[in-house]
Amino acid sequence: MLALTKPRPKPSHIWDKGLNLKEKKEPQIQKPDEVKIEVLASGICGTDLGIYNSKESVKKEMAHAQIDPVTIGHEFGGKINQAGDSALEDLGRMLIEKHWITETEKRSLGLNNGKVTKKANLLKFLSQNFLVSAEMHLTCQHCRQCITGQKHACPYTRIKGIHQDGAFAKYVIVPISNLVLFRKDELPIEIIAFMDAIGNAMHTVQEGGVLGNNVAVLGCGVQGLLATAVARVSGASKIFVTGASNPLVRESQKRMNKKFLLARKLGADFCFDVSFKSDRLKFLEQVKKETKGVGIDCVLEMSGNYQAYHDAFEVIRNGGKMALLGLPAGETKIDFSNQIIFRGITIQGIIGRKVFSSWETMTALLKSGLAKKLLDLGFVTHQLDLKNYVKGFKAMQAGEAIKVLLRP
Ligand SMILES: [Zn+2]
Ligand SMILES: [Zn+2]
């Protein structure tokens, strides 16, 4: 099968830019708890763009890859192709527990007391009637974090598409414990394909606590837009969005304005291009005016830009909460006493998705209209054949694309 790969970097060597579309052996199920999935569509994430550009931060991560070269890609949707014995039993149980099959179907699929007697029938039924995605952060299941509901913070996390083969290929293998199953009519594949990314925004909104609160979303890329959309349907009061164009490039401002237009349609009340001093001041004034001088209850930092951190401290109210998803490079200065402690501010780092509460809540929100809204507003700007991946990565690089999907 064709797979989009990157060689594992060697620490002191140059890591060539770009990716390689390679003929790779189709993966086979090795363990009884594994599921083999036929990928129907996968999304290009900012991290993938970092891999494409051989960024230093991802180089460090990918140096720990367990294979070489690695098939990248970690946002995807597909359908079940094969399953190991215990995985298939779990799938059978899932169908029964979720009341997704009738008594007659139960018999015809050979599901009896947790045993599967007609494997081929069940596999065919699953492949025809269900779509799947997966949590691609594989965690150890045993550490303190894993057993206390913080799998997203497991120190032994291995990510498929970074450390192990991922989803930019015809097939991908995941353990059943990480599989997320949808009835075919629940959500379209174009949405399932990037729920990993929507889940990051969901997790940020969950931790930020937006219900009835005034919210600032800092950053207006894919994650900023998704956080805006999720915060809106999660009951935020006023939503302020900031983005930063390149003030010297007219085209960049035009693109920023286009993103602001989309942000407004997704639920933003005010948008500011903070690369302009005057607009940044307007942002600060508007917050003051709308919150009657109190400040923002909840800041969602999605940009990974230290300038945005300064804005965050500027607008947040005493006792407010900041949830940080964006990844800044390097360091910055923070006055802990005056910026955080005396003001009683809570700062929360966001990594991955809460397993599986982010998935559950996001699924509910998507099904209640958010999925349709995203698709109707053209959030998925590109759908390309895997072979044309360069076009997709270049469109992202140039800032022309919002979400790019690749079809193997
Ligand atoms: Zn990602
Ligand atoms: Zn763990």
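Preceding this section is the structure that the text describes.
Residues numbered from 1 in each chain as written. Chains lettered and ligands numbered in written order. Predicted model: local features only at pLDDT ≥ 70, side-chain atom pairs only at ≥ 80, totals over all residues. Heavy atoms only, no water.

Caption draft 1: Seen up close, the pairing of strand 1 (residues 2-6). Burial runs high along strand 1: four of the five residues are buried. Summarising the sheet, strand 1 and strand 2 (residues 20-23) pair through four bridges and their orientation is antiparallel. Of the residues in strand 2, the one forming a bridge with Leu 4 is Leu 21. Here strand 1 pairs with strand 4 (residues 70-71) via two bridges, running antiparallel. Note on strand 4: the bridge partner recorded for Lys 6 is Val 70. (Buried < 20%, exposed > 50% of the residue type's maximum accessible area, 1.4 Å probe, protein only. Helix = DSSP H or I, 4+ residues; strand = E, 2+ residues; numbered from the N terminus. Pairing = 2+ DSSP bridges.)

Caption draft 2: View of the coordination of the zinc ion (ligand 2). Those donors, Cys 140 (SG), Cys 143 (SG), Cys 146 (SG) and Cys 154 (SG), are the protein atoms that reach the zinc ion (ligand 2), and they lie 2.3 to 2.4 Å from it. For the zinc ion (ligand 2), the four donor atoms in the first shell make angles of 105 to 115° at the metal, so the coordination geometry reads as tetrahedral. Sequence positions of the donors to the zinc ion (ligand 2) reduce to the motif C-x2-C-x2-C-x7-C. For Cys 146, a relative accessible area of 7% gives the class buried. (Donors = N, O, S within 2.8 Å, 3.2 Å for Na, K, Ca; no water. Tetrahedral: all angles 85-135°; square planar, octahedral: opposite > 155°, others 65-115°.)

Caption draft 3: Local environment of the pattern of salt bridges. Going through the model one piece at a time under the given rule, you end up with 23 salt bridges. Notably, a salt bridge pairs Glu 26 with Lys 36, separated by 2.7 Å at the nearest N-O pair. Here Glu 26 is found in the loop between strand 2 and strand 3 (34-43), whereas its partner Lys 36 is found in strand 3, with 10 residues between them in sequence. We classify Glu 26 as partly exposed; its relative accessible area is 35%. Lys 36 sits in the buried class, given a relative accessible area of 4%. Asp 85 serves as the salt-bridge partner of Lys 119, at 2.8 Å between the closest nitrogen and oxygen. Of this pair, Lys 119 sits in helix 5 (residues 119-129) while Asp 85 sits in helix 3 (residues 85-97), and the two are 34 residues apart along the sequence. Owing to a relative accessible area of 40%, Lys 119 belongs among the partly exposed residues under this scheme. Linked by salt bridges that have partners in common, Glu 135, Asp 196 and Arg 353 make up one network. (Salt bridge = Lys/Arg side-chain N within 4 Å of Asp/Glu carboxyl O.)

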